[in-house]
Amino acid sequence: MTARSAVPAGRAVRVRVPATSANLGPGFDSLGLALSVYDEVVVRVRPEPGATVTVEGVGAGEVATDDTNLVVQAVRRGLAHAGVEQPGLDLHAVNAIAHGRGMGSSAAAIVAGLMAARGLLEGIVDLDASTLLTLATEMEGHPDNVAPALFGGLTIAWMTADGPAVKRLLVHRGVSPVVFVPASTLSTKLARSLQPASVPHEDAAFNVSRSALLVAALIQSPELLLAATEDRLHQSYRASAMPETDALIALLRQHGLAAVVSGAGPSLLVLGSDPSQRLTAADLVQRHAQGDWRALMLAVDLGGATVVPHSALEADPA
């Protein structure tokens, strides 16, 4: 592909991306929910080659600060897809999404970079929503986190012969999420390695019914969330890697609360059917948890990733 016009030096964009929780119990690798915790990134094109990265908040002093940074890689992936010359980049991130705890931090980084590329390419070439989803899925390996990070709300994501597809749904206003984040981390790769290659037909059928019920519970009937979040496909197999998460989920569910592993864990998500259930859950975790757990009383993010394009940023640089 012949390179298009270069992105002008000095052009900058600001991106905000929500945290996400995937699986939601039975919806393994398909259901995802966007949550009101955000990473914010400003990306600016510079004349010099390469990339420099500064980070505030989560990941400061830990994540890569050069071209190997995941956000930078995603920016470059978007620009490469558009066929433009690769410019030098300055990136400043203010991160709030916990790393390695099942809140979609890698998906957020990928989506942030691709959305930044979209903003930098304003007036040169358009990266549409379908392209962004495809590129993000290729980088992440599966669409269940990148879909809600891109589009917000509740998403059902699946793979077709032509690539990933997504359906976005609005969540019932009574649904009240709370995420409990431990001090410990767990890699997604390790969590996935604990799952068997196949499961009994009975368990597969069980999860099909619960996944269908969960969609109904989240968009229409929150009182069904406890039954709808039952799972036999992945959580029990991963329990050995996060025993306290497993114990807390069992305790919370015994008290009638729809508690599940958030993504690959070890954070846990409670989908309250009303705001009071979040307070009950927080009290139970505070009284029974052995380690240090942080409670995040959140809302469902409805907008997904947003980008302030260079033209608007130049008009209002604050």
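Please read these numbers as outputs of a predicted model, since none were measured by experiment.

Chemist: A description of the sheet that holds strand E9 (residues 268-272) should follow, citing residues and the corresponding values.
Modeler: Here we have 4 strands laid out as an open sheet, ordered E8-E9-E7-E10, and antiparallel in their pairing. If you trace the sheet from one side to the other, it starts and ends with strand E8 (259-261) and strand E10 (293-297), each paired once. Recorded for the sheet is a direction-independent mean angle of 25 degrees between the axes of neighbouring strands. By the bridge criterion, 5 bridges tie strand E7 (residues 176-182) to E10 in an arrangement that is antiparallel. Along E10, the bridge assignment pairs Val179 with Leu296. Against the sheet, helix H9 (residues 243-254) touches E8, E9 and E10, its axis set at about 160 degrees to E8.

Chemist: Describe the pattern of salt bridges, listing the residues and the values that go with them.
Modeler: Counted according to the given criterion, the structure contains 7 salt bridges. With a shortest N-O distance of 2.7 Å, Asp67 and Arg76 are connected by a salt bridge. Since its relative accessible area comes to 33%, Asp67 is described here as partly exposed. Given the relative accessible area of 15%, Arg76 is considered buried. Put simply, Arg77 and Glu138 hold a salt bridge, and the shortest N to O gap is 2.7 Å. Taken together, the residues Arg77 in helix H1 (residues 70-82) and Glu138 in helix H3 (residues 129-140) connect sequence positions 61 residues apart. Judged by its relative accessible area of 33%, Arg77 falls in the partly exposed class. On the accessibility criterion, Glu138 (48% relative accessible area) is partly exposed. If you follow the salt bridges from partner to partner, you end up with Glu202, Asp203 and Arg232 in one network.

Chemist: If you had to explain the packing of helix H2 (residues 105-120) against H3 to someone new, which residues and values would you point to?
Modeler: Two elements in contact, H2 and H3, have axes whose closest approach is 10 Å; the angle formed by their N-to-C orientations is 140 degrees. If you check the angle between H2 and H3, you find them oblique. Of the two elements, H2 crosses H3, and the hand of that crossing is right-handed. On the side of H2, the interface is formed by Ser106, Ala107, Ile110, Leu114, Met115 and Arg118, while H3 contributes Ala129, Leu132, Leu135, Ala136, Met139 and Glu140. Looking at the contact of H2 with H3 residue by residue, the class counts come to 9 nonpolar, 1 polar and 2 charged.

Chemist: Give a description of the pairing of strand E1 (residues 12-22) that names residues and reports values.
Modeler: Across the 11 residues of E1, 9 count as buried, placing the element largely inside the fold. Across 11 bridges, the pairing between E1 and strand E2 (residues 31-46) is antiparallel. Paired with Pro18 across the strands is Tyr38, a residue of E2. The pairing of E1 with strand E11 (residues 306-308) spans 3 bridges and is antiparallel.

Chemist: If you had to explain the UniProt feature "domain: GHMP kinase C-terminal" (unreviewed entry) in the protein chain to someone new, which residues and values would you point to?
Modeler: Per the UniProt record, "domain: GHMP kinase C-terminal" (unreviewed entry) is found at residues 228-282. Helix makes up 45% of residues 228-282 and strand 15%. Its end C-alpha atoms lie 21 Å apart.

Chemist: Before we move on, could you go through the pairing of strand E5 (residues 154-160) and cite the residues and values that matter?
Modeler: Examined bridge by bridge, E2 and E5 share 3 bridges and lie antiparallel to one another. Along E5, the bridge assignment pairs Leu31 with Ile156. Between E5 and strand E6 (residues 163-169), which pair antiparallel and follow one another directly, the connecting turn spans 2 residues.

Chemist: Which residues make up the side chain of His142, and what values do they have?
Modeler: Tracing the chain through its elements places His142 in the loop between H3 and helix H4 (146-151). Classification of His142 as buried rests on a relative accessible area of 15%. A polar atom in the side chain of His142 sits 2.6 Å from the side chain of Asp144.

Chemist: Give me H9: which residues, what numbers.
Modeler: Over its 12 residues, H9 runs 17 Å from end to end, which matches the ideal 16 Å to within 8%, given 1.5 Å per residue. Of the residues making up H9, those classed as buried are Thr245, Leu248, Ile249, Leu251 and Leu252. The buried residues of H9 all sit within an arc of 165 degrees when viewed along its axis, so they share a single face. Among the exposed residues of H9, those pointing more than 90 degrees away from its buried face are Pro243 and Gln254. In this fold, the buried residues of H9 make contact with E8, E9, helix H10 (275-288) and E10.

Rules of the game
- One numbering rule holds for all chains: residues counted from 1, following each sequence as written.
- The model is predicted, so local features are restricted to residues of pLDDT at least 70 and side-chain atom pairs to those at 80 or more, both for listing and for counting; the totals for chains, interfaces and linings are taken over all residues.
- Side-chain metrics rest on all non-hydrogen atoms present in the structure, leaving aside hydrogens and water.
- Here, a strand pair is defined by DSSP locating no fewer than two bridges between the strands.
- Working definition: helices are DSSP H or I runs of at least four residues, strands are E runs of at least two. Numbering for both runs from the N terminus.
- Axes, fitted as lines to C-alpha atoms, cover a helix only where it is in contact. Angles between the N-to-C directions of the axes lie from 0 to 180 degrees.
- The contact criterion used is simple: two residues touch if any of their non-hydrogen atoms lie within 4.5 Å.
- The rule for a salt bridge is simple: a side-chain nitrogen of Lys or Arg has to be within 4 Å of a carboxyl oxygen of Asp or Glu.
- Burial here depends on accessible area, computed with a 1.4 Å probe over protein chains only, as a share of the maximum for the residue type. Under 20% is buried, over 50% is exposed, and the range in between is partly exposed.
- Roughly parallel refers to an angle under 35 degrees, roughly antiparallel to one over 145, roughly perpendicular to one between 65 and 115, and oblique to any angle outside these ranges.
- For a crossing to be left-handed, the near helix must be turned anticlockwise from the far one by less than a right angle; the clockwise case is right-handed.
- Ten residues, namely Ala, Val, Leu, Ile, Met, Phe, Trp, Tyr, Cys and Pro, are considered nonpolar, four, namely Asp, Glu, Lys and Arg, are considered charged, and the remaining ones, Gly among them, are considered polar.
- UniProt positions are given in the numbering used here, feature names are shortened, and annotations may be inferred rather than shown by experiment.
- Counted as a polar contact is a pair of N or O atoms within 3.5 Å, where, for protein atoms, one must be capable of donating a hydrogen and the other of accepting one, and residues adjacent in sequence contribute only when both atoms are in side chains.
- Every helix has an expected span of 1.5 Å times one less than the residues it contains.
- The reported arc concerns the directions from the helix axis to the C-beta atoms and nothing else.

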